[in-house]
Amino acid sequence: MARRGMMLPSLLLLLTFLAMDLVPPSHAIWLNLPSSGTKCVSEEIQSNVVVLADYVVISENYTHSPTISVKVTSPYGNNLHQKEKQTSGQFAFTTAEGGNHLACFWIDGNHEGGGDVSLNLDWRTGISAKDWESVARKEKIEGVELELRKLEGAVEAIHENLLYLKSREADMRMVSEKTNGRVAWFSIMSLGVCILASALQLWYLKRFFQKKKLI
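For the structure given in this document, a descriptive report is provided here. Think of each chain on its own: its residues are numbered from 1, step by step along the sequence as written. This being a predicted model, a pLDDT of at least 70 is required before a residue's local features are given, and a value of 80 or more before pairs of side-chain atoms are given or counted; all residues contribute to the totals for chains, interfaces and linings. No hydrogens and no water enter the side-chain calculation; it runs on all heavy atoms of the structure.

**Some remarks on the overall build of the protein chain**
The numbering of helices and of strands both runs from the N terminus, where a helix is a DSSP run of H or I of at least 4 residues and a strand a run of E of at least 2. Helix and strand counts for the protein chain come out as 3 helices and 8 strands. Across the protein chain, helices and strands are ordered from the amino to the carboxyl terminus as α-β-β-β-β-β-β-β-β-α-α. A buried classification covers 26% of the 215 residues belonging to the protein chain. In what follows, residue pairs with any heavy atoms lying within 4.5 Å of each other are defined as contacts. Restricting to contacts in the protein chain with at least 6 residues of sequence separation, those with at least 24 account for 73%. As presented, the protein chain carries roughly 15,400 Å² of accessible surface, and 58% of it is formed by carbon and sulfur atoms. Using a 1.4 Å probe on the protein chains alone, a residue whose accessible area is under 20% of its type maximum counts as buried, one over 50% counts as exposed, and one in between counts as partly exposed. Values of accessible area rely on a 1.4 Å probe in the Shrake-Rupley scheme; residue burial ignores everything except the protein chains shown.

Below, the structure written as structure tokens:
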């Protein structure tokens, strides 16, 4: 029994490392926003996934901190979040569509100084966006039980991600099969046109030589 008790923390630690490798971590990104233009980041996310992001303008050389605008859109162009004149903020949503979700940032027109602006973006999805402290307080769990709950969530996220990749592979295979079929029909039609053109050319040349009494 003592040996099993010693093995449990080791097994838990191993599972935790495996989950950290397989589950996408949060993305802390530094962006340099140009004085004119837009800087965008995107991530391919499956449907029904929680997304949470915090952004803050880092300013050291300006008396007044420059403000930015932010716009987040879904793969089909639906507006998920839009704000203007922000120095910091947060957006959160649950994806309704699978595909590339785009977040764009640009400096507002009242920016004084004309230089680039640094922006820190902390982008979290799925299991990384879950507030485990609130879960622990609400369900009154801690220690090993909390870690096991995290691992359970990680396993569910991995399973959903594998199902999503499987569906994408099926879609890509279907598109590939359709493309191969269309290419095959196009090749057959091209060959038929070439044979028909050669036959008409031979028929025309034969009539031409017969009229000239060359054959």
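There's plenty left to go through after this.
**Looking at the state of the cysteines**
Disulfide assignment relies on a single distance test, namely cysteine sulfur atoms paired within 2.5 Å. Overall, the coordinates contain 1 disulfide when judged by the stated rule. In this model, C40 is linked to C104 through a disulfide, with the two sulfur atoms separated by 2.1 Å. Disulfide C40-C104: torsion about the S-S bond near 105 degrees, hence right-handed. Here C104 lies in strand 7 (residues 99-107) and C40 lies in strand 2 (residues 39-45), a separation of 64 residues in the sequence.

**A few points about the packing of aromatic side chains**
Aromatic contacts are taken between Phe, Tyr and Trp rings whose centres are within 6.5 Å, Trp giving its six-membered ring; a plane angle under 30 degrees counts as stacked, one over 60 as edge-to-face, and the others as tilted. This model, assessed by the stated rule, comprises 5 aromatic pairs. Aromatic side chains F91 and F93 sit 6.3 Å apart centroid to centroid with 15 degrees between the ring planes, which places their arrangement in the stacked category. Accessibility expressed as a relative area gives 2% for F91, which makes it buried. Residue classification places F93 among the buried residues on the basis of a relative accessible area of 10%. Taking 5.7 Å as the distance between ring centres and 65 degrees as the angle between the ring planes, the aromatic pair formed by F208 and F209 counts as edge-to-face. Accessibility expressed as a relative area gives 35% for F208, which makes it partly exposed. Three or more aromatic residues joined by ring pairs make a cluster, and in this case those are Y55, F91, F93, F105 and W123.

**Some details on the pattern of salt bridges**
Any carboxyl oxygen of Asp or Glu within 4 Å of a side-chain nitrogen of Lys or Arg constitutes a salt bridge here. A full pass over the atoms with the stated rule returns 4 salt bridges. The shortest N-O distance in the salt bridge between D54 and R124 comes to 2.5 Å. In this pair, D54 is assigned in strand 3 (residues 50-58) and R124 in strand 8 (residues 117-125), connecting sequence segments 70 residues apart. The partner of E169 in a salt bridge is R173, with the nearest N and O atoms 2.7 Å apart.

**A look at the nonpolar core**
Judged by nonpolar contacts, the single largest core of 21 residues is most densely connected at L33, Y55, F91, F105, L119 and W123. Those elements that provide at least two residues to this core are strand 1 (27-33), strand 2, strand 3, strand 4 (68-73), strand 6 (88-94), strand 7 and strand 8. Here, nonpolar core means buried Ala, Val, Leu, Ile, Met, Phe, Trp, Tyr and Cys residues that are tied together by side-chain atoms lying within 4.5 Å of each other.

**Things to note about the sheet that holds strand 5 (residues 79-86)**
Strands pair, by our definition, only if DSSP identifies at least two bridges between them. Taking strand neighbours across the sheet as the criterion, the 4 strands line up as 2-7-4-5 in an open arrangement whose pairing is antiparallel. Both outer strands of the open sheet, strand 2 and strand 5, are each paired with one neighbouring strand and no more. Pairs of neighbouring strands in the sheet enclose a mean axial angle of 10 degrees, with direction left out of account. Relative to strand 5, strand 4 is paired through 5 bridges, and the arrangement is antiparallel. By the bridge assignment, K71 is partnered in strand 5 with Q82. To obtain an axis, a line is fitted to C-alpha atoms, over the contacting stretch when the element is a helix, and the angle between two such axes runs from 0 to 180 degrees between their N-to-C directions.

**A short note on the side chain of T95**
Following the sequence through the fold, T95 ends up in the loop between strand 6 and strand 7. Using a relative accessible area of 4% as the deciding quantity, one classes T95 as buried. Leave out the neighbours within four places in its chain, and T95 touches I45, Q46, S47, N48, V49, V51 and H101.

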